[in-house]
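Breakdown of the fold
Now for the letters of each chain:
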Amino acid sequence: MVSNSERCTRFLICPVCEAQLAQVGATLKCPQAHSFDIAREGYVNLLLSSGKRPKIVGDTKEMLRARRDFLARGFYGPLSDALNERIHNHLAGDVSSACIADVGCGEGYYIGRLKRHLDSRPGFDHLCYFGLDVSKEAARLAAKRYQDICFIVASVNRKLLFSGGSVRVLTNVFAPRNVVEFDRVLAQDGVLLIVIPNPRHLASLRSRLDLLSIEPDKRDKVIEQFAGPFRLAGEHTVEREMGLEGDALLALVQMTPNYWHISSEALDGVKDMGPVQTEASFTILEFRR
Ligand SMILES: C[S@@+](CC[C@H](N)C(=O)[O-])C[C@H]1O[C@@H](n2cnc3c(N)ncnc32)[C@H](O)[C@@H]1O
Ligand SMILES: [Zn+2]
């Protein structure tokens, strides 16, 4: 894993027996000697095999490459900036050995930018950063680029492999959620930031292409779901206009679950659509205890 990982692995628990993990050479081990090798690229796979091979294991290589290509163009930079500013404000004052986890981190864009943002401010140098994703390809791509962040392969549908109450900041950006586990791992003074797309996200593009729609009551459902252990402490909208065409447009379509649904003819048409003006529209839901 990464240079600071020996210090940071203490936040992780063994997927077999749930005891604390520690780094021994290129392996993470628990006291019962369950051990997990650190891959050459620096991530660690903590996903236990469920016997039969699952059909879909998170985002594919092609989706992840499309995501990296699209995000590198900066269109979602304002969302990342808004997250960074909220997290910076939350941690200011007390950052002693805090653990930050991005659950469903993809190729690492948001956690990577967060670390760069906090590293550029004084007093944020003792933090441990984790990215968790069920896709091994995501962890591989992320670990290659962001070498001082710990990336783990694990599923949000199972035990999140952090010890109870250890996570000060948990981010979840367009990814699956688990209310029971988010509650278990979040510290008493922690913050949970969930990002969802708004119904008007890509609306004008959706009127021209047969893309998956966004549930109109998604925001209300998420709030209702998390209202038990948490309270909604803030809500922030991030919106911008985007002028897209060619490869950028293709990457945008391919990086989302539309990848699984759109016909190959429609996909061929995307690149030749010409310039399209559309809107990005997101909500950051900020939950606290
Ligand atoms: C739409 S992508 C968002 C990725 C990243 N947050 C971003 O915005 O760039 C959803 C991510 O969730 C991951 N994912 C899907 N099912 C998951 C699960 N059960 N546990 C953890 N991650 C999962 C996918 O592999 C994918 O990387
Ligand atoms: Zn164990």
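Everything below is about the structure shown above.
Residues numbered from 1 in each chain as written. Chains lettered and ligands numbered in written order. Predicted model: local features only at pLDDT ≥ 70, side-chain atom pairs only at ≥ 80, totals over all residues.

For the rest of this paragraph, the subject is the packing of helix α3 (residues 77–91) against helix α4 (residues 109–119). Contact pair α3 / α4: the axes reach a minimum separation of 10 Å and the direction vectors enclose 50 degrees. Considering the angle they form, α3 stands oblique to α4. Regarding α3 and α4, the two cross each other, and that crossing is right-handed. In this structure, α3 contributes S80, L83, N84, I87 and H88 to the contact, and α4 contributes Y109, Y110, R113, L114, H117 and L118. Grouping the amino acids of the contact of α3 with α4 by side-chain chemistry returns 6 nonpolar, 4 polar and 1 charged. (Axes fitted to C-alpha atoms, helices over the stretch in contact; angles between N-to-C directions. Helix = DSSP H or I, 4+ residues; strand = E, 2+ residues; numbered from the N terminus. Parallel < 35°, antiparallel > 145°, perpendicular 65-115°, else oblique. Left-handed = near helix turned anticlockwise from the far one by under 90°. Contact = placed C-beta atoms within 7 Å. Nonpolar A, V, L, I, M, F, W, Y, C, P; charged D, E, K, R; others polar.)

End to end, helix α2 (residues 61–72) covers 16 Å across 12 residues, agreeing with the expected 16 Å (1.5 Å per residue, within 8%). Of all the positions in α2, only M63, L64, A66, R67, F70 and L71 are classed as buried. Down the axis of α2, the buried set is contained in an arc of 160 degrees. They therefore lie on one face. Exposed residues pointing more than 90 degrees away from the buried face of α2 are listed as E62 and A72. Among the structural elements, α4, α5 (136–145), α9 (246–254) and α10 (258–261) are those in contact with the buried residues of α2. Following α2 by one or two positions, G74 has its phi on the positive side, about 90 degrees. (Expected span 1.5 Å × (residues − 1). Buried ≥ 20, exposed ≤ 12 C-beta atoms within 10 Å, placed from the backbone. Arc of directions from axis to C-beta.)

The strand order β1-β2-β3 describes an open sheet built from 3 strands, whose pairing is antiparallel. A strand with exactly one partner marks an edge of an open sheet, and here the two such strands are β1 (22–24) and β3 (35–37). Averaged over all neighbouring strand pairs, the angle between strand axes comes to 30 degrees, with direction disregarded. Summarising the sheet, β1 and strand β2 (residues 27–29) pair through 3 bridges and their orientation is antiparallel. The residue bridging V24 from the neighbouring strand is T27, located in β2. (Pairing = 2+ DSSP bridges.)

So, about the packing of α2 against α5. Between α2 and α5, the shortest axis-to-axis distance is 9 Å and the interhelical angle comes to 40 degrees. Of the possible angle classes, the one that applies to α2 and α5 is oblique. Along this stretch, α2 crosses α5, giving a crossing that reads as right-handed. Touching K61, L64 and R68 of α2 are E137, A138 and L141, all from α5. Across the contact of α2 with α5, the residue classes break down as 3 nonpolar, no polar and 3 charged.

What follows is about the sheet that holds strand β8 (residues 167–173). Pairing is mixed in the open sheet, where 8 strands are placed in the order β4-β7-β6-β5-β8-β9-β11-β10. Looking at strand neighbours, the two that pair on one side only are β4 (44–45) and β10 (231–244), the edges of this open sheet. Relative to β8, strand β5 (residues 99–103) runs parallel, the two being bridged by 3 bridges. Bridge pairing in β8 links A101 to L170.

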